[in-house]
Amino acid sequence: KNLEYLSFGTSLIGVHPEIEVKIHLSFCAIFFPSLVIRGEKDEQAVLCSKDKTYDMKIADTSNMLLFIPGCKTPEQLNEDQASCNIIHSQIAGFSNNYWELRRCRPKLKKLRKLLMEDPYEGPDSQNDQTLTFSKYTTEDLLSLIQASEEEIMHQLQVIDACKIGGYWRILEFDYEMKLLNHVTQLIDSESWSLSKVPLRTCLEELGSLEPTEMIEHILLSYGRKYIDDGEVYFEMHEDKICRAIAQMLLQNAVKFNLSEFQEVWQQSVPEGMTTRLDQLKGLALVDRTSRPETIFLLKVEDLPEDNQERFNSLFSIREKWTEEDITPYIQDLCAEKQTVGVLLTKYARSSMQNGVKVYNSRRPIS
């Protein structure tokens, strides 16, 4: 508030030396209008606007930046033609460096990690009634996650988080499957079309089993909401439901015989749905070199967020990858206007194996 002038350019922000030292040493949150610097003591600071996140790098400049209370720009002086006198101003501070900004991916992996400290297990859970220290409000998440507000709110939708008692929560997977099973069994018993599931009837029929808020949340998570003749309906997402059931089947097995898994999987999904392996991208990996062929759980959200660490982890799991197999596990690393091919060129080495291009690590993997 005491600074009348900050140098804002396409890629720089002039910062008062005292503020600069404070940011550089402790990475505490410093607020400007619509901008905020986020990061804890052990994190590299990022700057966030309402909808974007930027890496910050301090850079030197040969042009000294001066901070002058009541400073007028040339445009403001031109507007006041009557004032042609020399103005004596006191310099409040100066700086020889600035923060250089570069658009970066929001650091959102921590969001799921925080919410998974205390997943919601249902209204009857004893843990939920006694623990409060691992629950987070929107304000808590904004202070802890290195991402813009819009990016955080979008990611909360992506991971199907919901607000319960003012706190953001992720459903514990078994409880989520219990809710989904209630809905799919009701759809089957009522012989509803998967593209037209009525909200009101679901709440009436299942409200005695689970809170109506949870029934509506599971419909929102696994369906698309729309209104027809004044009634609210949901079109269920076949791929997402099949994917969730596959995860339920795979989560307790180290490896699963592929053909047996496909048979059990198809039998487990609601009638009228068709399972396909491409529904499992970023969730499970097929090993076609083993005999018999196998499949095992490998969730992209469990992999490291750092680019090099991600590739190291993937190449420790499998020495050589086809582009088709590795793409679901690195696509989220792509920066703005960056392609998977660019990432593979930087972090992997290509070769031909039986007429198929494969990728392996550029560095030894221990």
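Below is a summary of the structure that appears in this document. This one's a predicted model, so the numbers in the text were calculated from it and none came from an experiment.

Residues of helix α14 (residues 340-347) that are buried include every one of Val-340, Leu-343, Leu-344 and Tyr-347, and no others. Relative to the axis of α14, the buried residues are bounded by an arc of 100° and lie together on one face. The outward face of α14, more than 90 degrees from its buried face, is lined by the exposed residues Thr-345 and Lys-346. The inward-facing, buried residues of α14 abut α12 (307-317), α13 (323-330), β16 (348-353) and β17 (356-361).

Bridge count between strand β15 (residues 321-322) and β17: 2 bridges; the pairing is antiparallel. Within the sheet, the bridge partner assigned to Trp-321 lies in β17 and is Tyr-359. When β16 meets β17, the two strands line up antiparallel, connected through 6 bridges. Bridge pairing links Gln-353 to Val-356 in β17. Between β16 and β17, which pair antiparallel in sequence order, lie 2 residues; one of them, Asn-354, sits at a positive phi of approximately 55°.

The next subject is the sheet that holds β16. By definition, the strands of a sheet pair up through backbone hydrogen bonds, in either a parallel or an antiparallel sense. Here we have 3 strands laid out as an open sheet, ordered β15-β17-β16, and antiparallel in their pairing. On the outer flanks of this sheet lie β15 and β16, each paired with one strand and no other. Across the sheet, α12 lies against β15, β16 and β17, angled at about 115° from β17, the strand it touches most. Contacts between α14 and the sheet are confined to β16 and β17, with β16 contributing the most and set at about 95° to the helix.

What follows concerns the pairing of strand β14 (residues 294-297). Looking at chain direction, strand β12 (residues 256-257) and β14 are connected through 2 bridges and run antiparallel. Counterpart to Asn-257 in the pairing with β14 is Thr-294. As judged from the 4 bridges shared by strand β13 (residues 284-287) and β14, these two strands associate in the antiparallel manner. Across the sheet, the residue bridging to Leu-285 is Phe-296, located in β14. Taking the residues between adjacent antiparallel strands as the criterion, β13 and β14 are bridged by 6 residues.

Following Arg-291, the chain continues into Pro-292 via a peptide bond in cis, with omega recorded as 0°. In this structure, Asp-160 is a non-glycine residue whose phi angle is positive, near 60°. By relative accessible area, which is 17% here, Asp-160 ends up buried. Notably, Asn-354 is not glycine yet its phi reads approximately 55°, a positive angle. Secondary-structure assignment places Asn-354 in the loop between β16 and β17. Of the residues examined, Asn-354 reaches a relative accessible area of 78% and is grouped as exposed.

Cut-offs and rules
Residues numbered from 1 in each chain as written. Predicted model: local features only at pLDDT ≥ 70, side-chain atom pairs only at ≥ 80, totals over all residues. Heavy atoms only, no water. Buried < 20%, exposed > 50% of the residue type's maximum accessible area, 1.4 Å probe, protein only. Helix = DSSP H or I, 4+ residues; strand = E, 2+ residues; numbered from the N terminus. Arc of directions from axis to C-beta. Contact = heavy atoms within 4.5 Å. Pairing = 2+ DSSP bridges. Axes fitted to C-alpha atoms, helices over the stretch in contact; angles between N-to-C directions.

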